[in-house]
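Coordinates in review
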Amino acid sequence: METGVEPRAFWGRIGAIALPLGVILLVAATAVHPSREHPMNHTAVFMEYAQNDGWIAIHFAQWVAALMFSGGLVALYFAMTAKKEGQNRWRASAWSRWC
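The sections below set out a description of the structure shown in this document. (Residues numbered from 1 in each chain as written. Predicted model: local features only at pLDDT ≥ 70, side-chain atom pairs only at ≥ 80, totals over all residues. Heavy atoms only, no water.)

**Focus: the overall build of the protein**
As a reminder of what qualifies: In this description a helix means any DSSP run of H or I spanning at least four residues, a strand means any run of E spanning at least two, and both kinds are numbered starting from the N terminus. Here the term buried applies to any residue with accessible area under 20% of the maximum for its type, exposed to any over 50%, and partly exposed to those in between, with areas from a 1.4 Å probe on protein chains only. Contacts are assigned to residue pairs with any non-hydrogen atoms lying within 4.5 Å of each other. Areas reported as accessible are Shrake-Rupley estimates using a 1.4 Å probe. Residue values count occlusion only from the protein chains shown.
Along the backbone of the protein there are four helices and zero strands. Tracing the protein from N to C terminus, the helices and strands come up as α-α-α-α. Counting the 99 residues in the protein, one finds 19% classified as buried. Counting only contacts in the protein whose residues sit at least 6 apart along the sequence, the fraction spanning at least 24 positions is 75%. Surface summary for the protein: the accessible area is close to 7900 Å², and the carbon and sulfur share equals 68%.

**A short note on the side chain of His33**
Within the secondary structure, His33 is located in the loop between helix H1 (7-31) and helix H2 (42-51). Not counting chain neighbours up to four residues away, the residues in contact with His33 comprise Tyr49, Ile58, His59 and Gln62.

**Examining the environment of Val45**
For Val45, the position within the fold is in helix H2. C-alpha of Val45 to C-alpha of Pro34: the two residues are 11 residues apart in sequence and 8.7 Å apart in space.

**Structural notes on the packing of H1 against helix H3 (residues 55-81)**
Put simply, the rule is: All axes are obtained by fitting lines to C-alpha atoms, using only the stretch in contact for helices, and the reported angles, taken between N-to-C directions, cover 0 to 180 degrees. Angles are sorted into four bins: roughly parallel if under 35 degrees, roughly antiparallel if over 145, roughly perpendicular if 65 to 115, and oblique for all others. By the definition used in this description, the sense in which the near helix is turned from the far one sets the handedness, with an anticlockwise turn below a right angle giving left-handed and a clockwise turn giving right-handed. Residue polarity is assigned by list, with Asp, Glu, Lys and Arg as charged and Ala, Val, Leu, Ile, Met, Phe, Trp, Tyr, Cys and Pro as nonpolar; anything else, Gly included, falls into the polar class.
At a closest axis distance of 7 Å, the pairing of H1 and H3 adopts a crossing angle of 155 degrees. Viewed along their axes, H1 and H3 adopt a mutual orientation that is roughly antiparallel. As H1 runs across H3, the sense of the crossing is left-handed. When the residues that make up the contact of H1 with H3 are grouped by side-chain class, the tally is 22 nonpolar, seven polar and one charged.

**Examining the pattern of salt bridges**
Where charged atoms of side chains with opposite charge meet at close range, the side chains can pair. The following threshold applies: Salt bridges are defined by distance alone: a side-chain nitrogen of Lys or Arg within 4 Å of a carboxyl oxygen of Asp or Glu.
A full pass over the atoms with the stated rule returns one salt bridge. The shortest N-O distance in the salt bridge between Glu48 and Arg36 comes to 3.7 Å. Within this pair, whereas Glu48 is found in helix H2, its partner Arg36 is found in the loop between H1 and H2, the two being separated by 12 residues in sequence. For Arg36, a relative accessible area of 73% corresponds to the exposed category.

Listed below in structure tokens is the structure:
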């Protein structure tokens, strides 16, 4: 099935959605993260985590946000370096090494 979308546009759209969505999700998850205790007081910090029911969901959301942010950066990289369809740069670079 031919979509007619060139690789730059596809990766650009993915990056344009994933990057800011990852930032927004990370800010939202960090806002509800329990952090009243001093970070160097480990006993108090772990007690605070133990009393919080949503710590697994909060850390999972932060992990997903980091993946989305990183994936958005990778997608934008591919959008900036993509060639038009039909131009296989890997085959061209391998051919140029042998000639």
